[in-house]
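Chain and residue survey
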Amino acid sequence: GMEGVVPHCIPYNLLITGWAGLAEAKHANAPFRAEEILRQMFTHQDDGFLEAAPDRVSYEKVMLAWAASSHQNAGHRAQWWLKKLWKDAELRGDKNLLPTVKTYNIVIRALSKTEGALAAENLLLDLGDLYREEKSSSFCPNSESFIFVIRAWLQTIRDEQTRDREECLQALDRAVQWLGSFQEI
């Protein structure tokens, strides 16, 4: 209502960050509320308030809310937002909107918690392929990328469903292979 006051992305990102923090405290609706705020930003963008258009941080914080949550579909939701970020970066032609290794690490973390080690590993492999194709340091997997995948394979061993000794040995072998890959790099 005040002349000269327009929406801006920073206050919205702060609110999304708050919901992501509540997701870590196991607030059940936190990731959904983070998504609502991001959708408000889309509405502002559609209404011509480009200052309030979501930036990469907006998407990352929503993905982080999912990664921190205990929802069964958290990995799928985080991955969906990663795909949406890629599409929106292409549609807007905004290189600053492109995901980075940090973005991928958030989704790898979410996938490792809900979809398992193989899903996390596959996204790390996709990130490695992207790095080789683009030759951009912003896509270079880092120690965090590897740690999430190694931890996911080790979690497989601790899962109650993995009772078979052979499965445990295979999971441990995958963790060791990823550690070796990390050491080589």
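Structure: above.
Note that this is a predicted model, so its numbers are computed, not measured. (Residues numbered from 1 in each chain as written. Predicted model: local features only at pLDDT ≥ 70, side-chain atom pairs only at ≥ 80, totals over all residues. Heavy atoms only, no water.)

Our next topic: the packing of helix H1 (residues 9–24) against helix H2 (residues 30–46). Contact geometry for H1 and H2: axes closest at 8 Å, N-to-C directions at 165 degrees. Looking at the two axes, H1 sits roughly antiparallel to H2. In the packing of H1 onto H2, the handedness of the crossing is left-handed. Residues Cys9, Tyr12, Asn13, Leu15, Ile16, Trp19, Leu22 and Ala23 of H1 touch H2, and the partners they reach there are Ala30, Pro31, Arg33, Ala34, Ile37, Leu38, Gln40, Met41 and His44. Looking at side-chain class alone, the contact of H1 with H2 contains 13 nonpolar, 3 polar and 1 charged residues. (Axes fitted to C-alpha atoms, helices over the stretch in contact; angles between N-to-C directions. Helix = DSSP H or I, 4+ residues; strand = E, 2+ residues; numbered from the N terminus. Parallel < 35°, antiparallel > 145°, perpendicular 65-115°, else oblique. Left-handed = near helix turned anticlockwise from the far one by under 90°. Contact = heavy atoms within 4.5 Å. Nonpolar A, V, L, I, M, F, W, Y, C, P; charged D, E, K, R; others polar.)

Of the pockets and cavities examined, the second largest pocket occupies roughly 180 Å³. Residue lining of the second largest pocket: Leu124, Leu125, Gly128, Tyr131, Arg132, Cys140, Pro141, Phe146, Trp178, Ser181 and Ile185, and that is the complete set. Sort the elements by how many residues they give to the lining of the second largest pocket and helix H6 (residues 117–134) lands first, with 5 residues. (1 Å grid on protein atoms, 1.4 Å probe; cavity = no way out; pocket = protein on both sides within 12 Å on 5 of 7 lines; lining within 4 Å. Points joined across faces, edges and corners; volume = space filled by probe spheres on them.)

What follows deals with the environment of Ala110. You can see Ala110 is positioned in helix H5 (residues 101–114). By relative accessible area, Ala110 is classed as buried at 1%. Put simply, Ala110 and Trp153 are 43 residues apart on the chain and 14 Å apart in space, counted from C-alpha to C-alpha. (Buried < 20%, exposed > 50% of the residue type's maximum accessible area, 1.4 Å probe, protein only.)

When the terminal C-alpha atoms of helix H4 (residues 74–92) are compared, their 27 Å separation across 19 residues agrees well with the 27 Å that a helix rising 1.5 Å per residue should span. Residues of H4 that are buried include every one of Ala74, Gly75, Arg77, Ala78, Trp81, Leu82, Leu85, Asp88 and Ala89, and no others. Looking straight down H4, one finds its buried side chains confined to an arc of 165 degrees; they lie on one side. Of the residues in H4, the exposed ones pointing more than 90 degrees away from the buried face are Lys83, Lys87, Glu90 and Leu91. (Expected span 1.5 Å × (residues − 1). Arc of directions from axis to C-beta.)

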